[in-house]
Amino acid sequence: MNRSILLSATIVLTAAALHGQTPIYQDESRPLEERVEDALSRMTLDEKVAMLHAEGKFASAGVPRLGIPDLWMSDGPHGVRAEINWNDWGYSKRTNDSIAAFPALTALAATWNRDLSELYGQALAEEALYREKDVMLGPGVNIYRTPLNGRNFEYMGEDPCLAGEMVVPYIRGMQRNGVAACVKHYALNNQEVWRGHIDVQLSDRALREIYLPAFEKAVKEGGAWSIMGSYNKVRGQHACHNDLLLNKILKDEWGFDGVVITDWGGAHDTREAALCGLDLEMGTYTNGLTSESAFTTDQYYLANPYKELLLKGDLPMEGLDDKVRRLLRLNFRTAARRLKPYGSIASPEHYAIAEAIGDEAVVLLKNDAPGKKKKGATPLLPIDAAKYDRILVVGENATRNLMEGGGSSDLKPKDIVTPLDGLRALYGDKIEYTPGYKSGKPMYGKVEKIRAAVTDSLRRRAVEMAREADLVIFVGGLNKNHGQDCENGDREEYALPFGQPRLIDDLAEVNPNLVVVLLSGNAVEMPWASKVPAIVQGWYLGSMAGKSIASVISGKVNPSGKLPFSIPVKLEDNGAHHFGTISYPGDSIRQEYLEDILVGYRWHDTKKIPALYPFGHGLSYTTFDYGKPTLSSPTLSPDGSLTLSIPVSNVGKQAGKETVQLYVSELSPRLTRPAKELKAFEKISLAPGQTKVVHFTVTPDMLRYYDPDTSAWRADPGKYRLLIGSSSTDLRSGIDFKY
Ligand code: BGC
C-alpha cells in the first residue's frame with residue numbers, strides 16, 4: 001500500500017469511529033473470519049511482516065495503528081514463568097510475578113483423570129490472565145521414548161491414547177478463558193541430545209501410530225489455537241518449517257487454523273520458513289538460553305529477508321496473507337478479546353487444584369510388609385503413626401525446591417510445601433531429618449576427593465540415625481539440574497545419581513521399615529527394589545507437593561495414580577536402547593527409530609521383556625475385583641460399535657479410585673502389531689463394598705493401523721481380543737469378537 005492510500009484508509013477509519021461505528025474487525029459479535037478479512041484488508045505490507053516474528057523475547061507485534069494489541073507469551077507448562085527481560089534471558093526481578101506451581105505433566109498424566117486435566121488448564125489460564133499472557137507455551141505431548149530424555153517430565157508419557165485423552169481437556173479448560181494453548185514440541189523432539197539438528201528417521205507407521213496421535217487430538221478435539229515446532233529435523237528438514245509435518249499433515253489433513261510458532265531459535269531459512277508452514281518466528285539466535293547478540297528482530301528470517309523476497313516476487317503474497325490471517329485469528333481469540341475473565345493468581349482455589357491433582361498423581365509402586373514376609377502380613381503403608389515414635393526422613397529432595405531449574409519450565413512459586421513440611425505437619429516432633437546425600441556432578445582430583453568424603457559422611461550419618469529410628473522415609477530421585485530432569489541435555493545414566501543406590505541399600509540393611517519416595521519425571525533403575533518394602537513415585541508435584549505425598553503415605557488419601565510409562569529393569573530393556581547408538585542418541589547427524597511402533601509397553605509385551613513396573617501400574621490401599629465382561633454383540637461391523645461392560649467392585653475396607661484400562665489386540669495381524677494397545681480407560685470412585693459397571697464403546701477406529709502401502713488407516717477383518725485390566729500386565733479378563 002502506498003502512502004496516500006494508507007492516509008485515506010486511516011481517515012476513513014477515524015471518520016467511522018467519530019460516527020460511533022465499530023469497524024468490522026473490532027466487532028466481536030461478528031463471525032471471526034469476517035473480522036480477520038476486514039483487518040487483513042486494512043494492513044500494509046510492513047504491518048503484515050511485522051506480525052510474523054518476535055519483537056521481544058516473549059512478545060510479537062499486533063497492529064498498533066489498528067489498535068490490535070501485541071501478543072504476549074509465557075512458558076508453561078506447569079505454571080506461568082516469572083517475567084523475563086524484553087531482550088535478554090535475564091529475569092526482570094519483579095515482586096509481583098510469583099505464582100502457584102502445578103504438578104508436572106507426567107504427574108498429570110499419572111492421574112488418568114480427564115476432569116483434573118481440565119481443571120489444570122482452567123486454573124493455569126486464570127493465572128495467565130492475571131499475568132496478562134495471551135499464549136501459554138504448553139502442554140507438551142512428545143511421546144516418552146527413552147527414560148534418558150531430560151524433558152520427559154514436561155510430557156504425558158509413552159502412550160498416544162493416554163496422552164491424547166489427557167491433553168484435550170487441558171486445552172479446552174485453558175482456551176475457554178481466552179488464553180491459547182501452544183502444544184509442543186511438534187514433533188519428535190524425544191531427546192535433548194543434539195536437539196537442534198538431529199535428523200529423525202522413522203517409518204510412516206511409527207509417525208502415525210505413536211508420535212502424532214496426541215498432537216492430532218490436541219488439534220482436532222482440543223481445538224488448539226497454536227502449536228510449537230520442535231528443534232530437531234524430521235526426514236531431513238527442520239521441524240519448524242517442515243512441509244510434511246506442517247503443510248501436509250497439520251494444516252491440510254487436520255485442518256489446523258491456528259498459528260505455528262517456532263521453538264525459540266528453531267527457524268533456519270527464510271524460503272523454507274515462508275513455504276513450509278511456519279507462521280511466527282521466535283527467539284532466533286537466542287536458542288537454548290545461550291548467545292545474545294546485537295542481532296535485531298527485523299533481521300529475522302521472517303522479517304526483512306522475507307519482505308525482500310516478497311517484493312521481488314520471489315515468494316507469493318498469498319503465503320504471507322495466510323500467515324497473517326492465522327495470527328489475526330489467534331489475536332482476536334486471545335489478546336484482542338474484550339470479554340474475558342480477570343483471572344487470579346496463587347489463590348487458595350488454585351492450590352486446592354494443584355493438591356487434588358497431586359493426590360491422584362502419586363503412584364504406589366510397591367507395598368509389602370516389612371522384614372520377612374508372612375502371607376497376609378500388613379503392608380508398611382499407609383503408616384500407622386501410633387506404631388512409631390521416631391520417624392527419620394532422609395534425602396535432599398525432602399527439602400529441595402523442585403520447581404527451580406529444568407530449563408524453560410522453571411517456576412517462581414509463591415508458596416511451597418516440601419515433603420518434609422508435609423510430613424512434619426502430620427507427625428510433628430516424631431520427625432527427624434538428615435540429607436543422606438548431596439547432589440552435584442562428579443569432579444576431578446582433590447575436589448572430587450572432598451566431594452566423595454562428604455557423600456560418605458552424609459551416608460554414614462543417615463545410616464546411624466536410621467538404625468535408631470522406628471521408620472525411615474527416604475525422599476530422593478532426580479532434580480532439575482542439567483543432566484537430570486532438565487531441558488537441553490539428557491540424563492547420563494539410568495541409575496539414581498549422587499550415591500543414592502548405595503544409600504538405599506545401606507538404609508534397608510539397618511531398618512526394615514523403609515519407604516522410598518522418588519521425586520522425578522522419569523523412570524530410574526531400581527536394583528534395590530526387592531530390598532525395600534514400599535516404593536512411592538511422587539513426581540514433581542508443584543507448590544503443594546509435600547501435602548500430597550504426606551497424604552498418601554499417611555493414608556489420608558488412598559493412592560490412585562498409575563504409571564504413564566514403563567519402568568524397565570535395565571536400560572537395554574527399553575526398545576529405543578535395544579538397537580545401539582544409531583537408535584539413541586544417533587550419530588550426531590541422524591538417528592533411526594529402529595524399535596519402530598514398539599515403544600514402551602508395546603516393546604516389553606511384544607518382545608516378552610517384563611518391565612520392573614509396567615505401564616498403567618499403581619497400587620491402592622483397597623482391593624478391586626473385576627467381574628465378568630460382557631459384549632453387546634460378538635461381531636463389530638465397519639460402521640457400527642459394540643459396548644463392553646464390566647462390573648468392578650471395591651472389596652476392601654476403604655474408599656478408593658481405580659482406573660479400568662481397555663487394551664485391544666488383533667489375533668492374526670497382517671503386519672507386525674503390538675501385542676496389545678491401550679484404547680480406552682475410565683477412572684471410577686468406589687466406596688467399600690460398592691460395585692460399578694464400567695461401559696466402553698468399542699469402534700472400528702480402535703482396531704486401525706496405518707498401512708504404509710496405501711498411506712491410509714485401515715482395520716482388517718478378523719478376530720480381536722479386548723483385554724481389561726488394572727495395568728498393562730495385570731489383566732483381569734479378556735473377551736473376543738469378530739470384525
Ligand atoms: C523450549 C521451549 C520454550 C521456549 C521458550 C525453548 O528452549 O524448548 O519449550 O517454550 O524455549 O522459553
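Small disclaimer: the values here were computed from a predicted structure and weren't measured.

### Quick word on the packing of helix 6 (residues 160–175) against helix 8 (residues 213–220)
And then number 1: Put simply, helix 6 and helix 8 touch, their axes get as near as 8 Å, and they point 25° apart. Judged by the inter-axis angle, helix 6 sits roughly parallel to helix 8. In the packing of helix 6 onto helix 8, the handedness of the crossing is right-handed. For the pair helix 6 and helix 8, contact is made by Pro160, Ala163, Gly164, Glu165, Val167, Val168 and Ile171 and by Pro213, Ala214, Lys217 and Ala218, respectively.
And then number 2: Per-class residue counts for the contact of helix 6 with helix 8 are 8 nonpolar, 1 polar and 2 charged.

### What to know about the state of the cysteines
Linking two cysteines covalently via their sulfur atoms produces the bond known as a disulfide.
And then number 1: Summed over all chains, the structure comprises 0 disulfides.
And then number 2: Free of any disulfide, Cys276 has its nearest neighbouring cysteine sulfur in Cys240, separated by 12 Å.
And then number 3: According to the relative accessible area criterion, Cys276 is buried, its value standing at 9%.
And then number 4: Of all cysteine sulfurs in the structure, the one in Cys240 sits closest to Cys486, which takes part in no disulfide; the separation is 20 Å.

### Comments concerning the sheet that holds strand 13 (residues 471–477)
And then number 1: Taken in spatial order, the 6 strands make up an open sheet running 10-15-14-13-11-12, and their pairing is mixed. Of all strands in the sheet, those with a lone pairing partner are strand 10 (363–367) and strand 12 (431–434), marking the two edges. Adjacent strand axes in the sheet meet at a mean angle of 20°, parallel and antiparallel pairs treated alike.
And then number 2: When strand 11 (residues 391–394) meets strand 12, the two strands line up parallel, connected through 4 bridges. Considered in strand 12, the bridge of Val393 is made with Tyr433.
And then number 3: Helix 14 (residues 419–427) contacts strand 11, strand 12, strand 13 and strand 14 (514–519) of the sheet and is inclined by roughly 160° relative to strand 12.

### Considering the site of the ligand
And then number 1: Around the ligand sit 15 residues, and of these Asp75, Arg151, His185, Asp263 and Glu487 come closest.
And then number 2: Here an oxygen atom of the ligand and a side-chain polar atom of Asp75 are 2.5 Å apart.
And then number 3: Taking Lys184, its side chain carries an N or O atom lying 2.9 Å from an oxygen atom of the ligand.
And then number 4: About the coverage of the ligand: the protein hides 99% of its 310 Å² of free accessible area.

### Re the pattern of salt bridges
Any two side chains of opposite charge can pair, given that their charged atoms come close.
And then number 1: Under the criterion given, the structure shown has 60 salt bridges.
And then number 2: Salt-bridge contacts for Glu253 lead to Arg208; the nearest nitrogen and oxygen are separated by 2.9 Å. Here Glu253, found in helix 9 (residues 243–253), pairs with Arg208, found in helix 7 (residues 204–211); they are 45 residues apart in sequence, far enough to count as distant.
And then number 3: Residue Glu253 is classed as partly exposed on the basis of its relative accessible area of 45%.

### Describing the layout of surface pockets
And then number 1: The calculated volume of the largest pocket comes to roughly 800 Å³.
And then number 2: Of all the secondary-structure elements, those providing two or more residues to the lining of the largest pocket are helix 6, helix 7, helix 8, strand 21 (677–686) and strand 22 (691–698).
And then number 3: For the lining of the largest pocket, the element with the highest residue contribution is strand 21, accounting for 6 residues.
And then number 4: Residues that form the lining of the second largest pocket fall into these classes: 7 nonpolar, 10 polar and 4 charged.

### A few points about the packing of aromatic side chains
And then number 1: Applying the stated criterion across every chain, the model contains 21 aromatic pairs.
And then number 2: Taken together, a centroid distance of 5.7 Å and an interplanar angle of 70° make the contact between Phe579 and Trp603 edge-to-face. Of the two residues, Phe579 sits in the loop between helix 18 (575–578) and strand 16 (590–592) while Trp603 sits in helix 19 (residues 601–606), which places them 24 residues apart along the sequence.
And then number 3: The rings of Trp112, Tyr601, Phe615, Tyr663 and Phe681 are connected pair by pair, giving a single aromatic cluster.

### What to know about helix 17 (residues 545–554)
And then number 1: Among the 10 residues in helix 17, 9 count as buried, and that is most of the element.
And then number 2: Buried residues in helix 17 make contact with helix 13 (348–361), helix 14, strand 13 and strand 14.
And then number 3: Looking one or two places after helix 17, you find Gly555, whose phi comes out positive at around 90°.

### Details of the environment of Leu45
And then number 1: Tracing the backbone shows Leu45 in helix 3 (residues 45–50).
And then number 2: A relative accessible area of 17% places Leu45 in the buried class.
And then number 3: Apart from residues lying up to four places away in sequence, Leu45 is in contact with Lys307, Leu310, Leu311, Met317 and Leu320.

### A word on the sheet that holds strand 1 (residues 59–60)
In sheet architecture, strand pairing relies on hydrogen bonds along the backbone and comes in two forms, parallel and antiparallel.
And then number 1: If you walk across this open sheet you meet the 6 strands as 1-2-3-4-6-9, and the pairing is mixed. Strand pairing shows two members of the sheet lacking a second neighbour, strand 1 and strand 9 (259–261), which therefore form its edges.
And then number 2: Along the sheet face, helix 9 touches strand 4 (180–186), strand 6 (226–229) and strand 9 and points at about 135° away from the line of strand 4.

### Some details on the pairing of strand 4
And then number 1: Taken across its 7 residues, strand 4 has 7 buried, putting it largely inside the fold.
And then number 2: With 2 bridges joining them, strand 3 (residues 135–137) and strand 4 adopt parallel strand pairing. Considered in strand 4, the bridge of Val135 is made with Ala180.
And then number 3: For strand 4 and strand 6, the ladder comprises 3 bridges, and the chain directions are parallel. In the strand pairing of strand 6, Cys182 is matched with Ser226.

### Remarks on the nonpolar core
And then number 1: Judged by nonpolar contacts, the single largest core of 128 residues is most densely connected at Tyr186, Trp264 and Leu328.
And then number 2: In terms of residue count, the dominant contributor to this core is helix 6 (9 residues).
And then number 3: With 76 residues, the next largest nonpolar core counts Leu365, Ala529, Ala534 and Ile535 among its residues.

### Focus: the pairing of strand 21
And then number 1: Most of strand 21 is tucked away, with 7 of its 10 residues classed as buried.
And then number 2: As paired strands, strand 20 (residues 656–666) and strand 21 are joined by 9 bridges and run antiparallel to one another. Across the sheet, residue Lys657 finds its bridge partner in strand 21, namely Ser685.

### A word on helix 6
And then number 1: Across its 16 residues, helix 6 extends 22 Å between first and last C-alpha, which sits within 8% of the 22 Å expected from 1.5 Å per residue.
And then number 2: Of all the 16 residues making up helix 6, 14 are buried; the element is thus mostly covered by neighbouring parts of the structure.

What counts and how
Think of each chain on its own: its residues are numbered from 1, step by step along the sequence as written. Given that the model is predicted, a residue must reach a pLDDT of at least 70 before its local features are reported, and side-chain atom pairs must reach 80 or more before they are shown or counted; all residues, however, enter totals for whole chains, interfaces and linings. Computation of side-chain values: all heavy atoms of the structure, hydrogens and water removed. To get an axis, a line is fitted to the C-alpha atoms, and for a helix only the part in contact is used. The angle between two axes follows their N-to-C directions and goes from 0 to 180 degrees. Secondary structure elements follow DSSP: runs of H or I of four or more residues count as helices, runs of E of two or more count as strands, with numbering from the N terminus. Here the word oblique covers every angle except those under 35 degrees (roughly parallel), over 145 (roughly antiparallel) and from 65 to 115 (roughly perpendicular). A clockwise turn of the near helix away from the far one marks a right-handed crossing, whereas an anticlockwise turn of less than a right angle marks a left-handed crossing. Only heavy atoms matter for contacts: two residues are in contact if any of them lie within 4.5 Å across the pair. Under this grouping Gly is polar, as are all residues other than the nonpolar Ala, Val, Leu, Ile, Met, Phe, Trp, Tyr, Cys and Pro and the charged Asp, Glu, Lys and Arg. Cysteine sulfurs are considered disulfide-paired once they come within 2.5 Å of each other. When a residue's accessible area, from a 1.4 Å probe over protein chains only, is under 20% of the maximum for its type it is buried; when over 50% it is exposed; and in between it is partly exposed. If DSSP finds at least two bridges between two strands, the strands pair. Any residue with at least one heavy atom within 4 Å of a molecule or strand is counted as near it. Polar contact criterion, stated in full: a pair of N or O atoms within 3.5 Å, where within protein one must be able to donate a hydrogen and the other to accept it, and residues adjacent in sequence count only if both atoms are side-chain atoms. Each accessible area is a Shrake-Rupley result for a 1.4 Å probe, and residues are judged covered by the shown protein chains and nothing else. The salt bridge definition used is simple: a Lys or Arg side-chain nitrogen within 4 Å of an Asp or Glu carboxyl oxygen. Within this scheme a cavity is a closed region of a 1 Å grid, computed over the protein atoms alone, that accommodates a 1.4 Å probe without allowing it to escape, whereas a pocket is open but has protein on both sides within 12 Å along at least five of seven lines; lining residues each have an atom within 4 Å of a point. Grid points are joined across faces, edges and corners, and a volume is the space filled by probe spheres set on the points. Only rings of Phe, Tyr and Trp enter the pairing, Trp through its six-membered ring, and a pair is recorded when the two centres are within 6.5 Å. The plane angle decides the type: under 30 degrees is stacked, over 60 is edge-to-face, the rest tilted. Put simply, a nonpolar core is a bunch of buried Ala, Val, Leu, Ile, Met, Phe, Trp, Tyr and Cys residues held in one set by side-chain atoms that sit within 4.5 Å of each other. Between the first and last residue of a helix there are one fewer steps than residues, each counted as 1.5 Å, and that sum is the expected span.

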